[in-house]
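Geometric and topological summary
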Amino acid sequence: MSSASSLPTWDLPELTRAPQVEAAAGFASPGVEAIFYRGLPWRGRPTRVFAWMGWPVMTGKRPVPAMVLVHGGGGTAFPQWVGLWNRRGYAALAMDTCGCTWGGEHGNRPRHADGGPPGSGGYDQLDEQMHDQWMYHAVANVMLAHSLLASQPRIDAARIGLTGISWGAVIACIAAGVDPRFALVAPVYGCGFLERTHSYRQRLVTQGPEKMARWSALWDPSHYLPRARAPMLWVSSAHDGHFDLPPLCASAKLPGAPGAPGAPGAPGVPGVPGMLSIQIGMLHGQEQGAAPKEIRDFAANIFKGGPPLPRIVAQEATGRHLRVRYDTATPVQRAELNYTTDGGEWGERRWVAVLAHHDERECVVEAEAPADATAWYINLVDPRHRLVSGDVAMAPAMALP
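Being a predicted model, the structure only gives us computed values, none of them experimental.

A closer look at the pairing of strand β9 (residues 275-279)
Within β9, 5 of the 5 residues are buried, leaving the element largely enclosed by the surrounding structure. Burial along β9 is two-sided: Met275, Ser277 and Gln279 facing one way and Leu276 and Ile278 facing the other are all buried.

Given below as structure tokens:
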């Protein structure tokens, strides 16, 4: 793991000031506004960041909460995503992280003249100055989006959250450890420990081990997540074909871990242990990554005082026996053991869900995985059909493909 002194540093005083904003002429979508805001210089020249920004129906004088929305690889700023959060009662801003604007097709978005470094990943930019590389700019663009929202009188600066999908989740994980202002973070699919993911192994073939090791030393979220202080909810699929379950679960343990340093400006203040929602049947994509109601209710609890999701507070794994203890404000409707008997790539494994023994009075769930199971975990489902998950246990010989 990289030492803190070898990692990039961002100019927090600069990035916590609201950037200059102007209308993005020629772009329109119902109910939201197209804008450019000033980004960091790239290769010595100014940049602008394309974004959509929208507002909920304002029914009172109280400032509203807000969300920063970060797209995945091949995507761009999506106005529909902003509208989704507006309908939930939030202001929202979705920015493009690759120097592009709205339009085009997946992986082929139109670049604009003042765009920053292209993405996603930035594997071909490792010989550039650190502050000219894609991930540096992508994280900065997220921080500037927060600053822009926080500068609006109609927005409560203490209630601004962050969610990202796939590569956007990787960016969000880094931002969670760099910018202590976010009040919640919800990464979807993406995580840290990327050298243990299918996506990384694919790139290893084309980029080579030396380049990938250099990239990981700079940009893997596992270097930054121990400094995250905001409550975090990881949402993913048990069979996601890009980000495998073991690194996802390992990432969720980093914030709030014993000995974890505080965020910049608050040394020694631990974060909050992350929560998991590992779903079966969830596909990998922008629409699917924006949809989970668990993220909506996670934010509603923190920002609006809504009922919290159940929280698993302890897990014991003895052989193939799992025992979890949980806290909840509402009854857990169902407890399941999810398991797979497959090996190989995580994205190709088939999963089975069976009911687990549930002691509602003691808030305890216990289950025994089959003898041929290669991996297993427990899900809790509340009356709203929101799902939270325990850590994944694995047969030792089958932990990695």
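Still more ground to cover, so stick around.
Describing the environment of Glu128
Counting through the fold element by element, Glu128 comes out in the loop between β5 (91-95) and α3 (134-150). A polar atom in the side chain of Glu128 sits 2.4 Å from the side chain of Arg43.

Concerning the packing of aromatic side chains
The tally for this structure, following the rule as stated, stands at 15 aromatic pairs. Ring plane angle 10° and centroid distance 4.9 Å describe the contact between Trp10 and Tyr136, whose orientation is recorded as stacked. Taken together, the positions of Trp10 in the segment before α1 (12-15) and Tyr136 in helix α3 put the pair 126 residues apart, joining distant regions of the chain. Here the two residues Trp10 and Tyr136 agree in accessibility, since each one is buried. Residues Trp10 and Tyr224 carry aromatic rings whose centres are separated by 6.2 Å and whose planes lie at 65° to one another, so their mutual orientation is edge-to-face.

Some details on the sheet that holds strand β14 (residues 357-359)
Read from one edge to the other, the open sheet built from 4 strands follows the order β10-β11-β15-β14, with strand pairing classed as antiparallel. Here the strands that pair on one side only, and so sit at the sheet edges, are β10 (311-318) and β14. The sheet shows a mean angle of 15° between the axes of neighbouring strands, taken without regard to direction. Bridge count for β14 against strand β15 (residues 364-368) is 3 bridges, and the pairing is antiparallel. Considered in β15, the bridge of Asp359 is made with Val364.

Side note on unusual backbone geometry
For residues other than glycine, phi is negative in most cases, and the peptide bonds are mostly trans. Between Gly119 and Ser120 the backbone carries a cis peptide bond, its omega angle lying at 10°. Phi at Arg43 takes a positive value of approximately 55°, unusual for a residue other than glycine. Note on placement: Arg43 falls in the loop between β2 (32-38) and β3 (48-54). Judged by relative accessible area, Arg43 falls into the exposed class, the value being 52%. A positive phi angle, near 75°, is found at Tyr189, a position not held by glycine. Structurally, Tyr189 can be placed in the loop between β7 (184-188) and α5 (198-207).

Observations concerning the nonpolar core
In terms of nonpolar packing, the biggest core is built from 125 residues, with Trp10, Tyr37, Val68, Leu93, Met95 and Met135 touching the most fellow members. A total of 12 residues in this core trace back to one element, the largest contributor, which is α3. Dropping the residues within four chain positions of it, Met95 is found in contact with Tyr37, Val49, Phe50, Ala51, Val68, Leu69, Val70, His71, Ala77, Asn141, Val142 and Ala145.

Overview of helix α9 (residues 293-304)
Buried within α9 we find Glu294, Ile295, Asp297, Phe298, Ala299 and Phe303. One or two positions beyond α9, positive phi appears at Gly305, with a value near 75°.

Details of the pattern of salt bridges
Considering all chains together, one arrives at 16 salt bridges under this definition. A salt bridge links Asp297 to Arg386; the shortest N-O distance between them is 2.6 Å. With a gap of 89 residues between them, Asp297 in helix α9 and Arg386 in the loop between β16 (375-381) and β17 (387-389) connect regions that are remote in the sequence. Each member of the pair, Asp297 together with Arg386, is buried. Taking the shortest distance from any N to any O, the salt bridge between Arg384 and Asp382 comes out at 2.9 Å. Given the relative accessible area of 25%, Arg384 is considered partly exposed.

What counts as what
- Residues numbered from 1 in each chain as written.
- Predicted model: local features only at pLDDT ≥ 70, side-chain atom pairs only at ≥ 80, totals over all residues.
- Heavy atoms only, no water.
- Buried < 20%, exposed > 50% of the residue type's maximum accessible area, 1.4 Å probe, protein only.
- Helix = DSSP H or I, 4+ residues; strand = E, 2+ residues; numbered from the N terminus.
- Polar contact = N/O pair within 3.5 Å; in protein donor to acceptor, adjacent residues only side chain to side chain.
- Phe/Tyr/Trp six-rings, centres within 6.5 Å; stacked < 30°, edge-to-face > 60°.
- Pairing = 2+ DSSP bridges.
- Axes fitted to C-alpha atoms, helices over the stretch in contact; angles between N-to-C directions.
- Core = buried A, V, L, I, M, F, W, Y, C linked by side-chain atoms within 4.5 Å.
- Contact = heavy atoms within 4.5 Å.
- Salt bridge = Lys/Arg side-chain N within 4 Å of Asp/Glu carboxyl O.

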